[in-house]
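Commentary on secondary and tertiary structure
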Amino acid sequence: MVFKRFEVLVLAPIILLTLIFRIPSFFEPAWYGDEMIRLVVAKEWFGGATLYSEIFDNSPPLLYLIFGLAPDLFWLKFLAFIWAATAAIVFYLLAKKFAKNFKLGKIYPVLAVAIFILLTSTPIFEGNIATAEIFILAPVISAMFLVWEENFGSKPFLPILAGILASAATMVRIQALTDLAAVAVFLIFFKNFKSVFGVFGGFFLVWVAIFLIFFSTGNWPSFASSVFLGNFDYVNYANQLFFPLGLLILKVFLTIFVLAILFQFKNFFTKFEIFIIIWLTLSFLGVSIGGRGFPHYLLQITPAVSLLIATIVRKRVLDFAKIFVFLIIFVSFFSLGQFYLPKTFSYYRNFLTNFARDDDYKNWFGERVVQSETIANYILSKTSAEDK
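All of the points below concern the structure found in this document. (Residues numbered from 1 in each chain as written. Predicted model: local features only at pLDDT ≥ 70, side-chain atom pairs only at ≥ 80, totals over all residues. Heavy atoms only, no water.)

**What to know about the pattern of salt bridges**
Close approach of charged atoms allows side chains with opposite charge to pair. Here the structure, examined in full by the defined rule, presents six salt bridges. For Lys-97, the salt bridge identified is with Glu-149, shortest N-O distance 2.7 Å. You can see Lys-97 sitting in helix 4 (residues 73-101) and its partner Glu-149 sitting in the loop between helix 6 (132-147) and helix 7 (157-170), a full 52 residues away along the chain. Relative accessible area serves as the criterion here: at 25%, Glu-149 is assigned to the partly exposed category. A salt bridge links Glu-373 to Lys-362; the nearest nitrogen and oxygen atoms lie 2.4 Å apart. Linking Glu-373 in helix 17 (residues 369-382) with Lys-362 in helix 16 (residues 358-363), this pair joins segments that are eleven residues apart in sequence. Through salt bridges with shared partners, a single ionic network connects Glu-28, Glu-35 and Lys-77. (Salt bridge = Lys/Arg side-chain N within 4 Å of Asp/Glu carboxyl O. Helix = DSSP H or I, 4+ residues; strand = E, 2+ residues; numbered from the N terminus. Buried < 20%, exposed > 50% of the residue type's maximum accessible area, 1.4 Å probe, protein only.)

**Some remarks on unusual backbone geometry**
The residue Glu-126 is not glycine, and still its phi comes out positive at about 60 degrees. Looking at the secondary structure, you find Glu-126 in the loop between helix 5 (107-120) and helix 6. The exposure class assigned to Glu-126 is buried, which follows from its relative accessible area of 11%. A positive phi angle is found at Lys-191, which is not glycine, with a value near 60 degrees.

**Examining the packing of helix 11 (residues 246-264) against helix 12 (residues 271-288)**
At a closest axis distance of 10 Å, the pairing of helix 11 and helix 12 adopts a crossing angle of 175 degrees. Between helix 11 and helix 12, the angle is such that the two are roughly antiparallel. Counted together, Lys-251, Val-252, Thr-255, Val-258, Leu-259 and Leu-262 of helix 11 and Ile-274, Ile-277, Ile-278, Thr-281, Leu-282, Leu-285 and Ser-288 of helix 12 form the full contact between these two elements. Each residue belonging to the contact of helix 11 with helix 12 can be placed in one class, and the counts come to nine nonpolar, three polar and one charged. (Axes fitted to C-alpha atoms, helices over the stretch in contact; angles between N-to-C directions. Parallel < 35°, antiparallel > 145°, perpendicular 65-115°, else oblique. Contact = heavy atoms within 4.5 Å. Nonpolar A, V, L, I, M, F, W, Y, C, P; charged D, E, K, R; others polar.)

**A look at the packing of aromatic side chains**
Throughout the structure, instances matching the rule amount to 49 aromatic pairs. Relative to Phe-214, the ring of Tyr-52 has its centre 5.8 Å away and its plane inclined at 45 degrees; by these criteria the two rings are tilted. Taken together, the residues span a long stretch of sequence, with Tyr-52 in the loop between helix 2 (33-46) and helix 3 (61-67) and Phe-214 in helix 9 (residues 193-216) at a distance of 162 residues. The class for Phe-214 is buried, based on a relative accessible area of 9%. Over the aromatic face of Phe-145 sits the side chain of Lys-97, whose NZ or CZ is 4.6 Å from the ring centroid. The ring of Phe-190 carries Lys-266 above its face, with NZ or CZ at 5.7 Å from the centroid. (Phe/Tyr/Trp six-rings, centres within 6.5 Å; stacked < 30°, edge-to-face > 60°. Lys NZ or Arg CZ within 6 Å of the ring centre and 35° of its normal.)

**Re the environment of Thr-302**
Examined against the element boundaries, Thr-302 turns out to sit in helix 13 (residues 302-315). Residues Thr-302 and Ile-117, spaced 185 residues apart in sequence, show a C-alpha to C-alpha distance of 9.1 Å. With residues near it in sequence (within four places) discarded, Thr-302 still touches Phe-116, Leu-119, Thr-120, Phe-125 and Leu-137. Within the local environment of Thr-302, its side chain forms a polar contact with the backbone oxygen of Leu-299, the two atoms lying 2.7 Å apart. (Polar contact = N/O pair within 3.5 Å; in protein donor to acceptor, adjacent residues only side chain to side chain.)

**Re the nonpolar core**
With 103 residues, the main nonpolar core has Tyr-108, Ile-141, Ile-278, Trp-279 and Leu-307 as its most contacted residues. If one sorts the elements of this core by residue count, helix 4 sits on top with 14 residues. Those residues in contact with Ile-278, other than ones at most four positions away along the chain, are Ala-182, Val-185, Phe-186, Phe-189, Leu-259 and Leu-262. (Core = buried A, V, L, I, M, F, W, Y, C linked by side-chain atoms within 4.5 Å.)

**Let's talk about helix 5**
Taking 1.5 Å as the rise per residue, helix 5 with 14 residues should run 20 Å; its terminal C-alpha atoms sit 20 Å apart, in good agreement. Here helix 5 has its buried residues at Tyr-108, Pro-109, Ala-112, Val-113, Ile-115, Phe-116, Ile-117, Leu-119 and Thr-120. (Expected span 1.5 Å × (residues − 1).)

Quick look at the structure:
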């Protein structure tokens, strides 16, 4: 059985803890622009408008499909809770697999998932916002879970399924390509080349299918321009160094350098430790691709970081040298990122103390929130849904 009594006793608190941390997000005002833009794009798309031409944004299509499931901001936040809880459950199962295979004890997956929920469902990394990073976690972690299945290399459909899951994540946020790369690099490290082809086969299967859908509607030029060229401009803006994308190229070379050193000294690490370092290194590359200091970018690294911290706590000082290497990699990339942490405690204090005082509560999110809401209500009172 996948779930024994102990697991059931853990899974219920996983869902409950995720819910508790996210309850304040259900009642947030419309303060974060990207949430509202994507809700509008999704609503228009579901209403018959042609995505990327009649209604425009530059994120991949699966993100708008997810947003289209939510009729308003409250249900979008609830959808983010469902996604976050699902990601936490799959992450627990992945950590449990590591605990069993590497004798880390029953407490290891509990500790790892507690850290994961803290990082993904609180404002520490803006987990309270329904960002694309929240929605890539479940498919990415699921792909990693499949990689550690005992018969992964012997059953071709498992690598293909892992590739499909990783591809689905890139259909939400392109930067999830680095998580796909983490899967491929890990398999290459251990000479599982056949599975690498299966993973990339599953990945391209999804993208080819999406391309054919847009090609059949005659909308593929707009799709390609928005998703690929639009993201190129976005990434290039903060990554110019001597020439376009120069800084990003430097980041890629630094990442390759770290992986090359790891490969050279891989005999000093266990397979599990190598997996964490590869995933952490490449997910940090994904975080840094945008070149901007938005805290929610860091959500992409939370699975690897949670495993890292839980591993350090469980192993204590027994493998100090290895832990030191982990920390050097972690601190180096974190310092390069130059990210900041939002005021998490202030967020919850505002909810508990100011929620009954509507304007005070909303003004915490920004001084123009109430003003914008007043203007929006006025426009709604003077117009109808048919007005354009």
